[in-house]
Amino acid sequence: MTPLAHVLAVPVRAYRLVLSPWVGHSCRFQPTCSAYALEALGRHGALRGSWLTARRLCRCHPWGASGFDPVPPQGPHS
């Protein structure tokens, strides 16, 4: 994980530690959005990982899909 990705992962880890227990476990997807964010940042770095996380969060709404949605593997463009 790049240094910038580590910095971007801090708010996600804080959310998991502080807010997630209060909000409850109601994520529509597997893995959860926070786990997805940490994996995307670790696998793809700060820029692409943030983009993938933002796309995932935009899909997380009452009329959106649900189910298994893994982080895409690194391709030749990554």
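Shown above is the structure to which this text applies.
In short, a report on the structure. (Residues numbered from 1 in each chain as written. Predicted model: local features only at pLDDT ≥ 70, side-chain atom pairs only at ≥ 80, totals over all residues. Heavy atoms only, no water.)

Focus on the pattern of salt bridges
Selection criterion: A side-chain nitrogen of Lys or Arg and a carboxyl oxygen of Asp or Glu constitute a salt bridge if their distance falls within 4 Å. For the purposes of this entry, the term helix denotes a DSSP run of H or I that reaches at least four residues, the term strand denotes a run of E that reaches at least two, and both are numbered from the N terminus. Burial classification: accessible surface area is computed with a 1.4 Å probe over protein chains only, and a residue below 20% of its type maximum counts as buried, one above 50% as exposed, and the rest as partly exposed.
Per the counting criterion, the structure on display carries three salt bridges. The residue arginine 43 makes a salt bridge to glutamate 39 at a minimum N-O spacing of 2.7 Å. You can see arginine 43 and its partner glutamate 39 sitting in helix 2 (residues 33-59), four residues apart, about one turn around the helix. Judged by its relative accessible area of 31%, arginine 43 falls in the partly exposed class. The closest approach of N and O atoms between aspartate 69 and arginine 59, which form a salt bridge, is 2.4 Å. Taken together, the positions of aspartate 69 in the segment after strand 2 (67-68) and arginine 59 in helix 2 put the pair 10 residues apart, joining distant regions of the chain. A network of salt bridges, in which partner residues are shared, links Arg56, Arg59 and Asp69.

Focus on the nonpolar core
To be explicit about the condition: Nonpolar cores were defined as sets of buried Ala, Val, Leu, Ile, Met, Phe, Trp, Tyr and Cys residues, with membership established by side-chain atoms within 4.5 Å. Any two residues whose heavy atoms approach within 4.5 Å at even a single point are treated as in contact.
Counting seven residues, the largest nonpolar core consists of Ala5, Ala9, Val12, Ala37, Leu38, Leu41 and Ala46. Those elements that place two or more of their residues in this core are helix 1 (3-23) and helix 2. Considering every element that reaches this core, the biggest residue donor is helix 2, with four residues. Filtering out sequence-adjacent residues up to four positions away, alanine 5 remains in contact with Leu41, Gly45 and Ala46.

Here's the deal with helix 1
Which entries qualify depends on this criterion: Here, expected helix span is obtained from the residue count minus one, scaled by 1.5 Å.
Spanning 21 residues, helix 1 covers 29 Å between terminal C-alpha atoms, matching the ideal 30 Å at 1.5 Å per step. Burial in helix 1 covers these residues: Ala5, Ala9, Val12 and Ser20. Looking at the buried positions of helix 1, the neighbouring elements they touch are helix 2. Trailing helix 1 by a residue or two, glycine 24 shows a phi angle of about 100°, which is positive.

All quantities given are derived from atomic positions and should not be read as evidence of function.
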